[in-house]
Amino acid sequence: MKKLSVLLTAMAFAATTFAMEIGKPAPDFTGTDINGKTVKLSDYNGKIVVIESYNSDCPFCHNHYQTGAMQELQKNLEAKGVVWLIVDSVNTKNFSYRTPEQARKEMADEKIAATAWIDDHSGTIGHLYEMKTTPHMFVIAKDGTLAYDGAIDDRPQPFGDPRTAKNYVSAAVDDLLAGKSVAISQTKPYGCGVHYAD
């Protein structure tokens, strides 16, 4: 029985690891954005997709948006044809949860330039992608494979100007657009823990 338990645990770990392996197909998902629209990752086949784990009450996330650095990055990448999906996995009982109405106001007030803000209060997408922090960033190549997984940049600080950092997301997208392999494909994400439901 003990051997079976160990084997099942190992298999579960292997499956989880495989699901998020660089160069392998990124897990498909279906979510609902803050406007009630269904969003599927597969809808964006043939495009580079950036996924951002989001919670503006986290000082790290807040700093990226307060300085305007995140919005600039969103606009710059979307001008290159990149899709940017915000995934908000904060559960409904947490003070950082935003109702769709609150999220729409926040998106407008902060001039967030993402393609869509997905309400993932169930944590389904967050767990699927093993989102650990806010922010936690993913870049998916045009062929649907995971090209980058990790921190947004090499400056794990909740203050100052993020523009002074090496931005891993921007670099990954540039490599993909140039037809190259992503030079830095995985880093350790930093920020606040995701507020999943218990």
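Heads up: the structure comes first, above all this text.
All residue numbers refer to position in the chain's written sequence, counted from 1. Per-residue local features are limited, in this predicted model, to residues with pLDDT of at least 70; the limit for side-chain atom pairs, both in listing and counting, is 80 or more; totals at the level of whole chains, interfaces and linings are taken over all residues. By convention in this description, side-chain values take in all heavy atoms of the structure and omit both hydrogens and water.

### Quick notes on the overall build of the chain
From N to C terminus, the chain includes six helices and nine strands. A radius of gyration in this sense is built from C-alpha atoms; the matching globule rule multiplies 2.2 Å by the number of residues raised to 0.38. Since a compact globule built from 198 residues should have a radius of gyration of about 16 Å, the 17 Å found for the chain is in line with a globular shape. With respect to the principal axes defined by its C-alpha atoms, the chain has extents near 55 × 45 × 35 Å. Here the chain holds 198 residues, and 48% of them are scored as buried. Look at the contacts in the chain between residues 6 or more apart in sequence, and 72% of them connect residues 24 or more apart. A 1.4 Å probe and the Shrake-Rupley method give the accessible areas. Residues count as covered only by the protein chains that appear here. Of the roughly 10,000 Å² that the chain leaves accessible, carbon and sulfur atoms contribute 55%. Asp and Glu count as negative and Lys and Arg as positive, but His and the ends of the chain are not part of the count. Charge positions are represented by NZ for Lys, CZ for Arg, CG for Asp and CD for Glu. Charge centroids of the chain, computed over 20 positive and 24 negative side chains, lie 3 Å from each other. Elements are defined by DSSP. Helices are runs of H or I of four residues or more, strands are runs of E of two residues or more, and each kind is numbered from the N terminus. Burial classes follow relative accessibility: with a 1.4 Å probe on protein chains only, a residue under 20% of its type's maximum area counts as buried, one over 50% as exposed, and anything between as partly exposed. Residue contacts are defined here by distance: any two heavy atoms, one from each residue, within 4.5 Å place the two residues in contact.

### Overview of the packing of aromatic side chains
We call Phe, Tyr and Trp rings a pair once their centres come within 6.5 Å, taking the six-membered ring for Trp, and we label the pair stacked below 30 degrees between planes, edge-to-face above 60, and tilted otherwise. Tallied over the full model, the rule gives six aromatic pairs. With a centroid separation of 5.9 Å and an interplanar angle of 80 degrees, the aromatic rings of Phe 29 and Tyr 129 are classed as edge-to-face. With Phe 29 in the loop between helix 1 (2–19) and strand 1 (30–33) and Tyr 129 in the loop between helix 5 (124–128) and strand 6 (133–134), this residue pair connects regions lying 100 residues apart in the sequence. Judged by its relative accessible area of 0%, Tyr 129 falls in the buried class. Residues Phe 60 and Tyr 190 carry aromatic rings whose centres are separated by 5.6 Å and whose planes lie at 65 degrees to one another, so their mutual orientation is edge-to-face. Note that Phe 60 is positioned in helix 2 (residues 59–66) and Tyr 190 in the loop between helix 6 (168–177) and strand 9 (192–193), a separation of 130 residues in sequence. With relative accessibility at 10%, the residue Tyr 190 sits in the buried group. Cluster of aromatic residues (ring-pair linked, three or more members): Phe 29, Tyr 129 and Phe 138.

### Considerations on the sheet that holds strand 5 (residues 116–119)
Ordered by their spatial adjacency, seven strands build an open sheet running 2-1-5-4-3-7-8, and the pairing between neighbours is mixed. Every interior strand has two partners, whereas the edge strands, strand 2 (38–40) and strand 8 (146–150), have only one. Pairwise comparison of adjacent strand axes, ignoring direction, gives a mean angle of 30 degrees for this sheet. Strands are treated as partners if at least two bridges between them are detected by DSSP. Where strand 7 (residues 137–140) lies against strand 8, four bridges are found, and the strand directions are antiparallel. Along strand 8, the bridge assignment pairs Met 137 with Gly 150. Note on definitions: angles span 0 to 180 degrees between N-to-C directions of axes, and those axes are lines fitted to C-alpha atoms, for helices only across the stretch in contact. Packing against the sheet, helix 3 (residues 69–78) makes contact with strand 3 (49–53) and strand 4 (83–88), and its axis sits at approximately 140 degrees to strand 4.

### Some remarks on the side chain of Asp 119
Summarising the element assignment, Asp 119 is placed in strand 5. Criterion for a salt bridge: a side-chain nitrogen of Lys or Arg within 4 Å of a carboxyl oxygen of Asp or Glu. Despite its burial, Asp 119 remains without a salt bridge, the nearest opposite charge being carried by Arg 104 at 8.8 Å. Distance and chemistry together define a polar contact, namely a pair of N or O atoms within 3.5 Å, with one atom able to donate a hydrogen and the other to accept it when in protein, and with adjacent residues in sequence counting only for side-chain atoms on both sides. A polar side-chain atom of Asp 119 sits 2.8 Å from a polar atom in the side chain of His 121. Contact partners of Asp 119, with chain neighbours within four places excluded, come to Thr 32, Asp 33, Asp 88, Tyr 97 and Pro 100.

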